[in-house]
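# Coordinate analysis (summary)
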Amino acid sequence: MRFLFSLLALLIACQNVTAQLTLGNGHHVLEITGSLSTYYNHRVLKETSDNRNKDRFRLRDAQIQLEGRIKDVIEYELQVDFVDLSSLAGGAIDPENPGLMDAWVRYKGLRFVDVQVGYGKLFYSRSSLVPFTYSPYWQRAELLRGDVFGRRDIGVTLMKSFWKQRVNVYAGVYTGLAEVSLRGDNDASGQPEFVARIDFAYPARYRYREIDTRNTPVPMIALGFNGRYANKELPDGRSFPNFATGEYGVKVVNGERYVYGLDASFQFKGFSAQFEIHQMWGIPQRNNDALLHGYYTGRDDGFFVAGGYIVQANYFSKKLKTIISIRFEELDLNDLVPGNAQRLSGALAYQIKGFDSMIKFQYFNVLKEESINPYRWTEQFRLGWQFNFK
Amino acid sequence: MGAPFNDLRHFCKTPGAPQLVIIPLFALVIIMLLLSSTEKRPEKLKPIKSTHTQVPEPSDICMHPDKNTYIVVSDDGFLFEMDSVGKIIRKADYKGFDTEGVTVHEGKVYVIEEFTRKIRVFDLETFQLERTVSVPYGGGRNKAFESITFNRSRNCFIMLTEKDPIFLFELDKNLNLINEIDMENVASDISAATWHNGFLWLLSDEDMHVIKLDPTSYKVLNKWYVPIINPEGIAFDRNGRMVIVSDDMERLYFFKSPA
């Protein structure tokens, strides 16, 4: 109840927020922004499902973001979502909404490279890097939500742009425990994860956005290549911290784990499209690892493959202030288990005031399931309002 | 990986399923395309030529009043003089921060730093920084002053904020704020402003529009569409051609004067 009152107070306060969002003394400038979003979710459950929790209102976001700069040398960002913080309480962290979204400092004083330290989004996967507030959807694709590969982590990132920001290069080393790293636990392997990304855009730099709201007058493309590697072999009798392996148990592997990804994005005259494919190769340390599903038969086949892809197409009508989008996604959580999962989603978003005030509708349809990842529902409908104050 | 299109085919044969998703989406796309095609857009202007500029990430441009050269500022905080083919002639001994607007008036160069909310005043002849004036503005960090020019009709400087909201501020010759006008409905954003031929001209990056304003009432008189990625600066050269500079492309685009 206290939380609801706090939220109400926040909502009322937001009505009057029109100015004084930036504080500065000429050297140090701090900007305060935030967002609120809420939706109604209707689920069509399977006839066999006895879990009747199917229709609900949900407060998805209640975020405050502090972005600061000290001269042009240091940048920092702190972003918190109060909804997710209030629901953590020692349970699993939702990787798509982990509560603490960003807490990092970036040093730009070195000529040859910028250095970012702290907790934040990993530079891996274009779609993951698009801020959620710029999406017409209420949920990211299953492949990209953070249960197959971590989207945020604590560590150090080196970054550099070339050729008028058309080429961006990122490389970093992290705990490898993703969002669970916030709990401060180490894993007994003592090994980090290495992540790298390079993206290329033409004919001009391409921001991490998926909708062409500017009606770009010439065709623009962007390609990205991602890779990450961890060798986390646990000593006998030890295990990873709670929830570190994610909902599907593949986010961290007791052994070696390689993930590769390719992403492509296109925009022209209001049309835009994205394609992403990610492939994970896990080599568990032990032959009897559950991820091998009893298929280990010899030295050379002690591995499994997981991954998937998404295809998304969007159109933005400036006159109608409306985005329409359709997305197909496929996810194979383990190639040793027959089958894979497929989902089709459609989104419709009406912009009252750009992305800052937007009514969003998303439809999900489960086309196919993988036996190790069954759903309770066959369809979902989400309708809600996204509001950003800036 | 399976064969997604086989499964889609199966899905489409499932009674009721396609009606729910595919048909409404398809119909919506068709309706939106039809409506968009009938959208009345401003007249499109085509550049008559373009040239690369040596200035990295140029964010605004104005004509030198006495020569066939341009004064240009770059996003990373530098002030340049550039010739008509984009070659840098000189650079001020100055490193600012997030410079977004520039204009020349009575022998002085006025440069806006969006991030710090400061106006830097340089001597046009020597390119030396002479004074700095702070103009407080509490709006978004990167949504503050984006453009500056001198309004000869009302004998004052004007500065416009970029967006959320768009304000036009009038300043006296000593750079004191004297007036504020809400320009929210003029465009999605404003990236530059200039004076030419008795009118004020604005540039919108997001809309890719050039906007002609009555300099007294600030009413919109006309708009044109310019198909340029990230247009950030506008000026008119000595031949009356409109010059637009693109930040992302680092190019100068020349147009016949629209009016």
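Quantities reported herein were computed from a predicted structural model and do not represent experimental measurements. (Residues numbered from 1 in each chain as written. Chains lettered and ligands numbered in written order. Predicted model: local features only at pLDDT ≥ 70, side-chain atom pairs only at ≥ 80, totals over all residues. Heavy atoms only, no water.)

Our next topic: the overall build of chain A. A count of helical and extended segments in chain A gives three helices and 17 strands. Relative to the 2.2 N^0.38 estimate, which gives 21 Å for 390 residues, the radius of gyration of chain A is 21 Å and therefore close to what a compact globule would have. Considering only C-alpha atoms, chain A reaches an extent of 65 × 55 × 50 Å along its principal axes. Here chain A, with 390 residues, has 54% of them falling under the buried criterion. Partitioning the contacts of chain A with sequence separation of at least 6, the portion at a separation of at least 24 is 64%. Across chain A, the centroid of the 47 positively charged side chains sits 9 Å from that of the 42 negatively charged ones. (Helix = DSSP H or I, 4+ residues; strand = E, 2+ residues; numbered from the N terminus. Rg over C-alpha atoms; globule rule 2.2 N^0.38 Å. Buried < 20%, exposed > 50% of the residue type's maximum accessible area, 1.4 Å probe, protein only. Contact = heavy atoms within 4.5 Å. Lys, Arg positive; Asp, Glu negative; His and termini not counted. Charge placed at Lys NZ, Arg CZ, Asp CG, Glu CD.)

All names here are of chain B. As summarised here, the arrangement of the four strands in space is E7-E8-E9-E10, forming an open sheet in which the pairing is antiparallel. On the outer flanks of this sheet lie strand E7 (99-105) and strand E10 (129-134), each paired with one strand and no other. When strand polarity is set aside, the average angle formed by the axes of neighbouring strands in this sheet is 20 degrees. Both strand E8 (residues 108-113) and strand E9 (residues 118-123) contribute to a ladder of six bridges, which runs antiparallel. Looking at E9, one finds that Ile 112 is bridged to Ile 119. (Pairing = 2+ DSSP bridges. Axes fitted to C-alpha atoms, helices over the stretch in contact; angles between N-to-C directions.)

This next bit is on the nonpolar core. When a protein is soluble and globular, its nonpolar side chains tend to lie buried together. Among the nonpolar cores identified, the biggest contains 22 residues, and Val 148, Met 280 and Phe 304 of chain A are the most heavily contacted of them. For this core, the element with the most residues is strand E13 (residues 304-317) of chain A, which contributes three residues. Excluding residues that lie within four positions of it along the chain, Phe 304 of chain A makes contacts with Val 250, Val 253, Met 280, Trp 281, Gly 282, Pro 284, Leu 291, Leu 292, Leu 333, Asn 334, Asp 335 and Leu 336 of chain A. Core analysis: the second largest hydrophobic core is formed by 21 residues, Ala 192, Ile 234, Ile 244 and Met 249 of chain B among them. (Core = buried A, V, L, I, M, F, W, Y, C linked by side-chain atoms within 4.5 Å.)

All names here are of chain A. Across all of its chains, the model carries 42 salt bridges over all chains by this definition. The shortest N-O distance in the salt bridge between Glu 96 and Arg 145 comes to 2.8 Å. Of the two residues, Glu 96 sits in the loop between helix H2 (82-88) and strand E5 (100-107) while Arg 145 sits in the loop between helix H3 (126-129) and strand E7 (152-162), which places them 49 residues apart along the sequence. Since its relative accessible area comes to 5%, Glu 96 is described here as buried. (Salt bridge = Lys/Arg side-chain N within 4 Å of Asp/Glu carboxyl O.)

Next up on the list: the interface of chain B and chain A. Each partner contributes to the interface: chain B provides 49 residues, whereas chain A provides 54 residues. In total, about 4,200 Å² of surface goes out of reach between chain B and chain A, with carbon and sulfur atoms giving 60% of it. There are twelve salt bridges connecting chain B and chain A. Asp 72 of chain A serves as the salt-bridge partner of Lys 95 of chain B, at 2.9 Å between the closest nitrogen and oxygen. Where chain B packs against chain A, one counts 14 residue pairs in polar contact (both at pLDDT 80 or more). Elements that contribute at least two residues to the side of chain B that touches chain A include exactly helix H1 (4-13) and helix H2 (17-37) of chain B. (Buried area = accessible area lost by both parts, 1.4 Å probe. Polar contact = N/O pair within 3.5 Å; in protein donor to acceptor, adjacent residues only side chain to side chain.)

This paragraph deals with the sheet that holds strand E12 (residues 156-161) of chain B. Residue and element names in this part refer to chain B. One open sheet holds the four strands; their spatial order is E11-E12-E13-E14, and the pairing between them is antiparallel. Unpaired on one side and paired on the other, strand E11 (145-151) and strand E14 (177-182) mark the two borders of the sheet. Direction aside, the axes of adjacent strands within the sheet are offset by 20 degrees on average.

Moving on: the state of the cysteines. Covalent bonding between the sulfur atoms of two cysteines defines a disulfide. All names here are of chain B. Applying the stated rule across the entire model yields zero disulfides over all chains. Counting only cysteine sulfurs, Cys 156 is the nearest neighbor of Cys 62, a cysteine outside any disulfide, at a range of 17 Å. With relative accessibility at 1%, the residue Cys 156 sits in the buried group. (Disulfide = S-S within 2.5 Å.)

Attention now moves to a nonpolar patch on the surface. On the surface, Phe 162, Trp 163, Ile 198, Phe 200, Tyr 202, Ile 221, Leu 223, Phe 225, Leu 262, Phe 266, Phe 275 and Val 311 of chain A cluster together into a nonpolar patch covering about 1,000 Å² of accessible area. With respect to the element layout, Phe 266 of chain A can be found in strand E11 (residues 255-268). (Patch = residues over 30% accessible without salt bridge, like charges linked within 9 Å, V, L, I, M, F, W, Y side chains within 5 Å. Areas by Shrake-Rupley, 256 points an atom, 1.4 Å probe, with all protein chains shown as cover.)

All names here are of chain B. With respect to the helices, strands and loops of the structure, Ala 193 is situated in strand E15 (residues 192-196). A residue is classified by how much of its surface remains accessible, and Ala 193, at 3% relative accessible area, is buried. Ala 193 sits 106 residues away from Lys 87 along the chain, and the two C-alpha atoms are 23 Å apart. In contact with Ala 193, other than residues within four places in its own chain, are Ser 147, Ile 148, Thr 149, Leu 160, Trp 201, Leu 202 and Ile 234.

Below, the discussion takes up the pairing of strand E8 (residues 167-174) of chain A. All names here are of chain A. Inspection of the sheet shows E7 paired to E8 by eight bridges, in the antiparallel sense. Paired with Leu 158 across the bridge in E8 is Ala 171. Summarising the sheet, E8 and strand E9 (residues 193-202) pair through eight bridges and their orientation is antiparallel. From the neighbouring strand, Val 167 faces E9, where its bridge partner is Phe 200.

All names here are of chain A. Position of Arg 60 relative to the elements: it lies in strand E3 (residues 55-70). Arg 60 gets classed as buried once you look at its relative accessible area, which sits at 3%. A polar side-chain atom of Arg 60 sits 3.5 Å from a polar atom in the side chain of Glu 96. Non-local contacts of Arg 60, meaning those with residues more than four positions away in its chain, are made with Ser 37, Thr 38, Tyr 39, Asp 81, Val 83, Asp 84, Glu 96, Asn 97, Phe 132 and Trp 138.

Here we take up the environment of Thr 216 of chain A. Here Thr 216 of chain A lies in the loop between E9 and strand E10 (220-232). Judged by relative accessible area, Thr 216 of chain A falls into the buried class, the value being 5%. Considered as a pair, Thr 216 of chain A and Gly 270 of chain A are 54 residues apart in the sequence and their alpha carbons are 6.8 Å apart. Not counting residues up to four positions away in its chain, the partners in contact with Thr 216 of chain A are Gln 267, Phe 268 and Lys 269 of chain A together with Met 208 and Ile 229 of chain B.

It is worth spelling out the side chain of Asp 189 of chain B at this point. Position of Asp 189 of chain B among the secondary structure elements: in the loop between E14 and E15. Within the buried core, Asp 189 of chain B has no salt-bridge partner, and the shortest N-O distance to an opposite charge, that of Arg 214 of chain A, equals 5.5 Å. A distance of 3.3 Å separates a polar side-chain atom of Asp 189 of chain B from the backbone nitrogen of Asp 205 of chain B. When neighbours within four sequence positions are excluded, Asp 189 of chain B is seen to be in contact with Glu 162, Lys 163, Ile 166, Leu 203, Ser 204, Asp 205, Glu 206 and Asp 207 of chain B.

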